[in-house]
Amino acid sequence: METNKITIAIDGYSSCGKSTLAKELARSLDYVFIDSGAMYRAVTLYALNTNCIIKGEVDEKSLIEALNDIDLQFELNPRTKTPEIILNGLNAEGQIRTPRVAEVVSKVATIKEVREKLVFEQRKMGSQGGIVMDGRDIGSVVFPNAELKLFITASNEIRIDRRYKELLRKGIETTREEVKNNLEQRDFIDSTREESPLIQTEDAIVLDNSELNREEQLAKALQLVNDLINV
Ligand code: CDP
């Protein structure tokens, strides 16, 4: 029997483990997982590939005009059982996680028209409930009525360390310093921008995972879901 599937919004600063938790939570609950950051990254990749970004400068007018040409879909990778982003018919998962995209994605994410397009699509994906979405404005803007809102935090050192190791594992050349600078820069832009900045909403539950491993973090979140569903 179909039980009441809720909407779960997960927000937080860069590289705090939001996507890992969202992915595992969705798998445990048999919900849909959407990484909204992947959508901002894919728009950024498109902008880079079409010269709407040159030397770190975003040509906002051209990008806004091109928004209708950007089609974003998620497709389940049968091996990892994780949704991957498809940009205009091509899998862009590998390319969106590179420093080239990370360097400018937060600038692109300040553009009102970009956010309007992506928020519209995110709401469509979540219209039936049974979704775990992670990002920066999920609890505040995309799903303000989400039944469960989590705000994830972790110490700066741990966030830098996790992202650095993740990039090395993927064979991407970088330094700890570069990762640190990028996270600091994105956190600053994301939390001070005019359009739906990253905030912790009053009704969000804070989960600091600095000292938690993946299983412990997942268990805590599942407990919160169970408390909600079984009232
Ligand atoms: O995984 P990581 O924490 O590095 O970032 P992400 O979730 O992939 O998001 C990349 C960037 O997209 C963020 O730094 C934000 O600038 C932007 N973003 C946003 O503005 N709103 C969202 N809902 C998700 C991401």
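In this text, all values refer to a predicted model and were calculated from it rather than measured experimentally.

A. Just the packing of helix α8 (residues 156-169) against helix α9 (residues 176-192), in detail. Remark: α8 packs on α9, axes separated minimally by 9 Å, with the N-to-C direction vectors making an angle of 120°. Accordingly, the angle class assigned to the pair α8 and α9 is oblique. Note that α8 runs across α9; the crossing there is right-handed. Between α8, through Arg159, Ile160, Asp161, Arg163, Tyr164 and Leu167, and α9, the contact on the second element is made entirely by Arg176, Val179, Lys180, Leu183, Arg186 and Asp187.

B. Structural context of the sheet that holds strand β7 (residues 90-91). The antiparallel open sheet is built from three strands, whose spatial order is β5-β6-β7. On the outer flanks of this sheet lie β5 (72-77) and β7, each paired with one strand and no other. As paired elements, strand β6 (residues 82-87) and β7 share two bridges and run antiparallel to each other. Counted as the bridge partner of Ile86 is Asn91 from β7.

C. Representation of the packing of aromatic side chains. Going through the model one piece at a time under the given rule, you end up with one aromatic pair. Measuring from centroid to centroid gives 6.2 Å for Tyr13 and Phe151, while their planes differ by 90°, and the two rings are edge-to-face. A residue pair is termed long-range when its members are at least 10 positions apart, and Tyr13 in the loop between β1 (7-12) and α1 (18-29) and Phe151 in strand β9 (residues 148-153) qualify at 138 residues. Take Tyr13: its relative accessible area is 30%, and that puts it in the partly exposed class.

D. View of the nonpolar core. Counting 38 residues, the largest nonpolar core has Val43, Leu63, Ile70, Leu72, Ile85 and Val114 as its most contacted members. For this core, the element with the highest residue contribution is helix α2 (residues 36-49), accounting for nine residues. Not counting residues within four places of it along the chain, the set of residues in contact with Leu63 comprises Val43, Ala47, Cys52, Val58, Ile70, Val108, Ile111 and Val114.

E. The arrangement of α9 in detail. Its 17 residues give α9 an end-to-end C-alpha distance of 24 Å, which sits within 8% of 24 Å, the value for a rise of 1.5 Å per residue. Of all the positions in α9, only Val179, Asn182, Leu183, Arg186, Asp187, Ile189 and Asp190 are classed as buried. Where α9 is buried, its residues contact α2, α5 (99-108) and α8.

F. The site of the ligand, seen in detail. The ligand sits among 19 residues. The nearest are Ser15, Arg41, Asp137, Arg163 and Asp190. Here an oxygen atom of the ligand and a side-chain polar atom of Arg136 are 3.1 Å apart. With respect to the ligand, the side chain of Arg186 contributes an N or O atom lying 2.8 Å from an oxygen atom. Relative to its unbound accessible surface of 530 Å², the ligand loses 98% to contact with the protein. Ranked by the residues each element gives to the shell around the ligand, the list is headed by α2, at four residues. In the shell around the ligand, the residues fall into four nonpolar, six polar and nine charged.

G. Spotlight on unusual backbone geometry. Non-glycine residue Asn51 carries a positive phi angle of around 60°. In this structure, Asn51 sits in the loop between α2 and β3 (53-54). Judged by its relative accessible area of 55%, Asn51 falls in the exposed class. A positive phi angle, near 60°, is found at Lys81, a position not held by glycine. As for its placement among the helices and strands, Lys81 is situated in the loop between β5 and β6. The exposure class of Lys81 is exposed, given its relative accessible area of 54%.

H. Local environment of the sheet that holds β9. An order of β2-β8-β1-β9-β10 is seen for the five strands of this open sheet, with the pairing classed as parallel. Only two strands of the sheet have a single partner each, and these edge strands are β2 (32-35) and β10 (205-208). Ignoring which end each strand starts from, the neighbouring axes of this sheet average 20° apart. By the bridge criterion, five bridges tie β1 to strand β8 (residues 131-135) in an arrangement that is parallel. Opposite Ile8, over in β8, you have Val132 as the bridge partner.

Definitions and cut-offs
- Per chain, residue numbering runs from 1 following the sequence as it is written.
- Totals for whole chains, interfaces and linings use all residues, but because this is a predicted model, local features are given only for residues with pLDDT of at least 70 and pairs of side-chain atoms are given and counted only at 80 or more.
- As a rule here, side-chain values cover all heavy atoms of the structure and leave hydrogens and water aside.
- Axes here mean lines fitted to C-alpha atoms, for a helix over just the part in contact, with angles spanning 0 to 180 degrees between N-to-C directions.
- Put simply, DSSP marks the helices as runs of H or I at least four residues long and the strands as runs of E at least two long, and each gets a number from the N terminus on.
- Oblique is the label for any angle not covered by the other classes, which are roughly parallel (under 35 degrees), roughly antiparallel (over 145) and roughly perpendicular (65 to 115).
- The sense of a crossing depends on the near helix, which, turned anticlockwise from the far helix by less than a right angle, makes the crossing left-handed and, turned clockwise, makes it right-handed.
- Note on contacts: a residue pair is in contact if any heavy atoms of the two residues lie within 4.5 Å.
- Being paired, for any two strands, means DSSP has found at least two bridges between them.
- Side-chain rings of Phe, Tyr and Trp, where Trp is taken by its six-membered ring, are said to pair if the distance between their centres is within 6.5 Å; with planes under 30 degrees apart they count as stacked, over 60 as edge-to-face, and otherwise as tilted.
- Think of it in three bands: with a 1.4 Å probe and only protein chains considered, a residue is buried below 20% of the maximum accessible area for its type, exposed above 50%, and partly exposed in between.
- In this text, buried Ala, Val, Leu, Ile, Met, Phe, Trp, Tyr and Cys residues form a nonpolar core when linked through side-chain atoms within 4.5 Å.
- The span one expects for a helix is its residue count, reduced by one, times 1.5 Å.
- Residues are classed as near a molecule or strand on a simple rule: at least one heavy atom within 4 Å of it.
- The definition of a polar contact used here is a pair of N or O atoms within 3.5 Å, where within protein one atom must be able to donate a hydrogen and the other to accept one, and adjacent residues in sequence count solely through side-chain atom pairs.
- Areas reported here follow the Shrake-Rupley algorithm with a probe of radius 1.4 Å; residue values treat only the protein chains shown as occluding.
- Only Asp, Glu, Lys and Arg are considered charged, only Ala, Val, Leu, Ile, Met, Phe, Trp, Tyr, Cys and Pro nonpolar, and every remaining residue, Gly among them, polar.

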